[in-house]
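# Fold and geometry: a report
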Amino acid sequence: MTDSTEPPTPSTTSTSTREAVYIHPRREPFEHGLIPLPKLIFTDGAQTLGPLKDKLVQQSAQSPTHRVDSLAISETLQISHDHARLVLDTLGSVLHSDSDPLVTAKATEIDSVGANVYDLVLFLYIQSYKRLLPRTHKDSAAVADVWPSTSAFDGYLSALSPLQLVRSNSRRVMPSLADEEAHQLSYLQKHLANILSLLSDSVEGEGDESLVLTMEKFEHLEFLIYFGEKGSERIPLGQAAPFFANSDPDMPAAPVPTAQVHDWLLQNIASALEHVSERVSAKEIGPPSASDQDVPMADACTSSIKASTSASGPTFIEGISKSSYLKQASDFKGSSVKVINCHDSVIYILAPLRYATIYGCSDATIVLGAVGKAVRVEHCERVHVITAAKRICIANCRECVFFLGVNQRPLIVGDNHKLQVAPYNTFYSQLEEHMTQVGIEGTINRWDEPVALGVVDPHDSLSHPAGVSDVQAESATRLDPDQFTNFLIPNWFGGESSGSTKDNPFPLPDVYMASQQRNHSNLGEIKQILRETQLEESRKRELSSALHVHFKDWLYASGNVRQLYCLQGD
């Protein structure tokens, strides 16, 4: 859309170029903040949540910080303490304010620090959101070429559950950012009246005049929405709103009728939806851009369209096939990444990030540097994920191994099959610096404490077989210590190193350390035997050939052959 010369809505901010500033949904709560727990999903709007909010407000009044801790959440929502802690962990990962006590708290303090009631209530309300259905890929034949129905390394197809069989008939592609934004805006448009009622105070009056909104509670909407455009600073909600703009910071602004706020927000949402629609139409008419184009999977290894970055949005790494791929901190403009439909490759993302999503990948090894908010891995098959992160959610994956350094318990949801977890197994020179930047504690690793919820995710829009909604997701098993190996990240830049990390910052559990030491000892003994064995030249050649064959077999069987891609060049 071209720059507007006249502001389309009351929220338009005038600059020297008179650019329109639109309202946007915050992606993070919708992408990383949904918990598939039936007791957290209120489908009757504010009817049930309203009285629960009142109870939470009463609980917070008894606290010197006016917040609700995990015990109060557990009692009010009638959920277990573990699930109450999951609520706090998840809410903390998607809050809009990095200065909130829940965000700055150490892992051991989260239960007692608790949450602001109104942030919690908004978080609980959006648990009713249903995600947009994935699209099928435009070139299904090309996808099939690089997403084999059987593994290139294990040579057999694992038995699929009926639900997996239904979902695996066609490979899905994540909805575009524009489609997701429109879907989230439409959700907010539909539920805005209920959301505002949960933030409002009752006063004497009739009808629309009986509810008012203070500036303080209005600003809690920043959990869900913001004003601002790509490449520019976000505008605080209180400044964007005409009824609170230019308020004296020393004098609290007078509350305004909730109906007035409702009408103003609806106008802005309608304007934003129209803007999104025009953007999508323009892209359909014009040539596709790098960030929107679906790269044919079979050609991805030779295509230059491998990554695209939006100044205010996520960096996309899409369609990497049979390649080794590196991205470092200097390559990122934003603070989140989405790795989509990558196959038979090794991908290194050695950077400090806030959010990361891995979607629709197969037969790949993906290294995520340090992710301070949340990682989500979804619809992947035979993928090894190595990450240092605050938290991780795994959904609808098959035969994947996760090497984790995580401060919170891994969350496993949906229809999973043969997942394994293991302790973190690598490092690079700037890892500890990146972990410090994003707030990951190297002394805490809860890799082996997964929380498995339901096999059916009530937040997706798929239909499910009768009776399957009560089935618990298959959890992950611990990787056999004898199968555990360190993963070596190549030093692409020779001896030059700007970081101080020389080893894995997460201490290995004793059983894995003992296995490693045993393997090193066995290797030393074999080397010694080979050195001391007297063989004729023909026998030496036979031995060398046999070792070469077995090593090659191991490379393919383990998937480690992918690490050799970095020696070939793209």
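Look a little higher up for the structure.
Residues numbered from 1 in each chain as written. Predicted model: local features only at pLDDT ≥ 70, side-chain atom pairs only at ≥ 80, totals over all residues. Heavy atoms only, no water.

Turning next to the overall build of the protein chain. For the protein chain, the helix and strand inventory stands at 17 helices and 20 strands. Scored against the burial criterion, the 570 residues of the protein chain give a buried share of 49%. Contacts in the protein chain between residues at least 24 apart in sequence constitute 60% of all its contacts with a sequence separation of at least 6. Element-wise, carbon and sulfur atoms account for 52% of the exposed surface of the protein chain, whose accessible area totals about 26,700 Å². (Helix = DSSP H or I, 4+ residues; strand = E, 2+ residues; numbered from the N terminus. Buried < 20%, exposed > 50% of the residue type's maximum accessible area, 1.4 Å probe, protein only. Contact = heavy atoms within 4.5 Å. Areas by Shrake-Rupley, 256 points an atom, 1.4 Å probe, with all protein chains shown as cover.)

In this fold, Tyr-512 is placed in helix H15 (residues 510-532). Owing to a relative accessible area of 3%, Tyr-512 belongs among the buried residues under this scheme. Sequence separation of Tyr-512 and Leu-479 is 33 residues, and the distance between their C-alpha atoms is 9.6 Å. With sequence-adjacent residues up to four places away left out, Tyr-512 is seen in contact with Pro-423, Trp-447, Arg-478, Leu-479, Asp-480, Pro-481 and Phe-484. A polar contact of 2.5 Å, which involves the side chain of Tyr-512, links it to the backbone oxygen of Leu-479. (Polar contact = N/O pair within 3.5 Å; in protein donor to acceptor, adjacent residues only side chain to side chain.)

Let us look at the packing of helix H4 (residues 81-94) against helix H7 (residues 117-125). In the contact formed by H4 and H7, the axes pass within 11 Å of each other and the chain directions differ by 95 degrees. Taken together, the axes of H4 and H7 are roughly perpendicular relative to one another. The segment H4 lies against H7, with Val-87, Thr-90, Leu-91 and Val-94 engaging Asp-119, Leu-120 and Phe-123. Tallied by class, residues from the contact of H4 with H7 come to five nonpolar, one polar and one charged. (Axes fitted to C-alpha atoms, helices over the stretch in contact; angles between N-to-C directions. Parallel < 35°, antiparallel > 145°, perpendicular 65-115°, else oblique. Nonpolar A, V, L, I, M, F, W, Y, C, P; charged D, E, K, R; others polar.)

Let us now look at helix H3 (residues 70-77). Of all eight residues making up H3, six are buried, and the element is well covered by its neighbours. Every buried residue of H3 is accounted for by Ser-70, Ala-72, Ile-73, Ser-74, Thr-76 and Leu-77. Elements in contact with the buried residues of H3: helix H2 (46-61), H4, helix H6 (110-113) and H7. The N-cap of H3, judged by a side-chain oxygen 3.3 Å from the amide nitrogen of Leu-71 a few residues on, is Asp-69. Following H3 by one or two positions, Gln-78 has its phi on the positive side, about 55 degrees.

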